[in-house]
Structure formats: structure tokens, C-alpha cells
Amino acid sequence: MSRILIVEDETRIASFVEKGLKANGFATRVAGDGESALGLVRAGEYDLVILDIGLPGIDGFQVLEELRQKRPALPVVILTARDSVGDTVAGLEGGADDYITKPFRFEELLARVRLRLRGSRPAEPTVLEAGDVALDLRTRQAIVDGATFDLSAREFALAEVFFRHPGQVLSREQLLSQVWGYDFDPGSNVVDVYVGYLRKKLGKRRIASVRGMGYRFER
Ligand code: CA
């Protein structure tokens, strides 16, 4: 299991990232400022650091500089506000491996994290299968009984969450946060609408409604 250190002072964002990573099988730890992040890296073993730039006390760039001196091989993905992308490019030159701008979708962050960890892990499958349906992660298409269907970006992101959690009940809130991100209105019915789209493409019985709880992808 990969261990990820999340350095983020906004608790709402930290818990959003932590929940999503845990649901995808990662072990996580949150540090709310740069000093404690450096302490944790010194004391423990992490496989990757997600690093916010705007932090109380020493900022993300200083943390990055220290990390690079002490742990040059540790992958770092920077989280930054969109209006400071210029600074972020400087951060990349300072040794970050990747960056992502806020606001972001969880799936986008997850893809970066997986990409940066790949060097030390076995390659991921490129096709996810569940019975007679499959999802091709390269072409972003669904394959149903041998026929191929195109998916929109949101349909694909939602389908990927279902394929990665077959047989599990996923709540609307989980699906919203994983596919649409933390800024989405929790009262929205967008999940139900997109489940309807996916049922049309994958087959109605494939995604079961679980009354009062959410949806379950049948194997
Ligand atoms: Ca911040």
C-alpha cells in the first residue's frame, strides 16, 4: 500500500483528498503546515507528497526545497491556486514532479498520483472488466458484448469509479466528490442523471439503485 502525505492547511480540502485516496486504497496522513510536514517526512516513510503552496509559516516552496535536499527521490505533486500558476512553474523547476490547480476534480488528482507512483509499482491494467462489459482506460470507451461505445468525459469518470469498486454500494455524495469535485452542490441530482446515461450505454441492470443509499455496480 502506498503512503501519501497530504500537506494542506484547509481542512475541507485536506479531508476531501484524504477520503478519496483512502477509498482508492492509499494510506494517508495530513500535515496542516510546512514544519510538521518536514517533521513527518523525517520520521516516517512516505511514497509521495501532495503539497499545498499557500501554508501558514514556511510556504510550500520552502518545504519543497528542504524535501529535495533530504529526500531527492520522493515524488511531490504541488497543489496550487489557479492564479499562481507562474509561481508553480518555478516550483517545478525547483524540483516538484507535477502540479495541479485548485479547484480540481478528485479523479484528476488521482491520475497524477498514480502516474508519479508508477515507477515503483507494477503497471496498471489498461482495460477494466466486469462480466460482459469492459472499460478501456486508453481510448476511454466502453465495450459491451463486443460493441464499443464512446463516453463523455463525465460518463467515463463515473464509469471508472464504478468499475474500480464492483459490488460496492457507492453513495451519491461519494460519487459527487470523486467525479465532480468538492465544489459541487451536494443537493444536485447530477449523479442520477449521469447514472441514467451510463445505464443506456452499459445496460440497465448493470447499475442497481440501492434505496436510500446510492448505487451498486454489478459484477
Ligand atoms: Ca493553503
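In this text, all values refer to a predicted model and were calculated from it rather than measured experimentally. (Residues numbered from 1 in each chain as written. Predicted model: local features only at pLDDT ≥ 70, side-chain atom pairs only at ≥ 80, totals over all residues. Heavy atoms only, no water.)

S.K.: For this particular structure, what's the right way to read the domain arrangement of the protein?
M.R.: Segmenting the protein into domains produces domain 1 (3-120) and domain 2 (127-217). One C-alpha centre belongs to domain 1, the other to domain 2, and the line joining them spans 28 Å. Listed per partner, the contact involves 12 residues of domain 1 and 13 residues of domain 2. For the pair domain 1 and domain 2, the two sides together bury roughly 1100 Å², of which 48% comes from carbon and sulfur. Among the residues domain 1 hides against domain 2, the three largest losses belong to Phe16, Arg105 and Glu107. Together they make up 44% of the total. (Domains from an automatic or database assignment. Contact = heavy atoms within 4.5 Å. Buried area = accessible area lost by both parts, 1.4 Å probe.)

S.K.: How do you make sense of the nonpolar core when you look at a structure like this?
M.R.: Ranked by internal contacts, the top residues of the largest apolar core, which has 29 residues, are Leu158, Phe162, Phe163, Leu175, Trp180, Leu198 and Phe217. Of all the elements in the fold, those that place two or more residues in this core are strand S6 (127-130), strand S7 (133-136), strand S8 (141-144), helix H6 (153-164), helix H7 (172-180), helix H8 (190-202) and strand S12 (214-217). Ignoring any residue separated from it by four or fewer positions in sequence, one finds Leu175 in contact with Leu158, Val161, Phe162, Leu170, Trp180, Val191 and Tyr215. In this structure, Val7, Ala31, Leu38 and Leu74 belong to the second largest nonpolar core, which totals 19 residues. (Core = buried A, V, L, I, M, F, W, Y, C linked by side-chain atoms within 4.5 Å. Buried < 20%, exposed > 50% of the residue type's maximum accessible area, 1.4 Å probe, protein only. Helix = DSSP H or I, 4+ residues; strand = E, 2+ residues; numbered from the N terminus.)

S.K.: Just to check I follow, could you spell out the coordination of the calcium ion for this structure?
M.R.: Around a metal, the idealised angle for a tetrahedral arrangement of four donor atoms is 109.5 degrees; for an octahedral arrangement of six donor atoms it is 90 or 180 degrees. Around the calcium ion, the donor atoms from the protein are Asp9 (OD), Asp52 (OD) and Gly54 (O), and they sit 2.2 to 2.3 Å away. One chain supplies every donor for the calcium ion, spaced along it as D-x42-D-x1-G. One end of the pair, Asp9, is in the loop between strand S1 (3-7) and helix H1 (11-23); the other, Gly54, is in the loop between strand S3 (48-52) and helix H3 (60-70), with 45 residues separating them in the sequence. Using a relative accessible area of 33% as the deciding quantity, one classes Asp9 as partly exposed. (Donors = N, O, S within 2.8 Å, 3.2 Å for Na, K, Ca; no water.)

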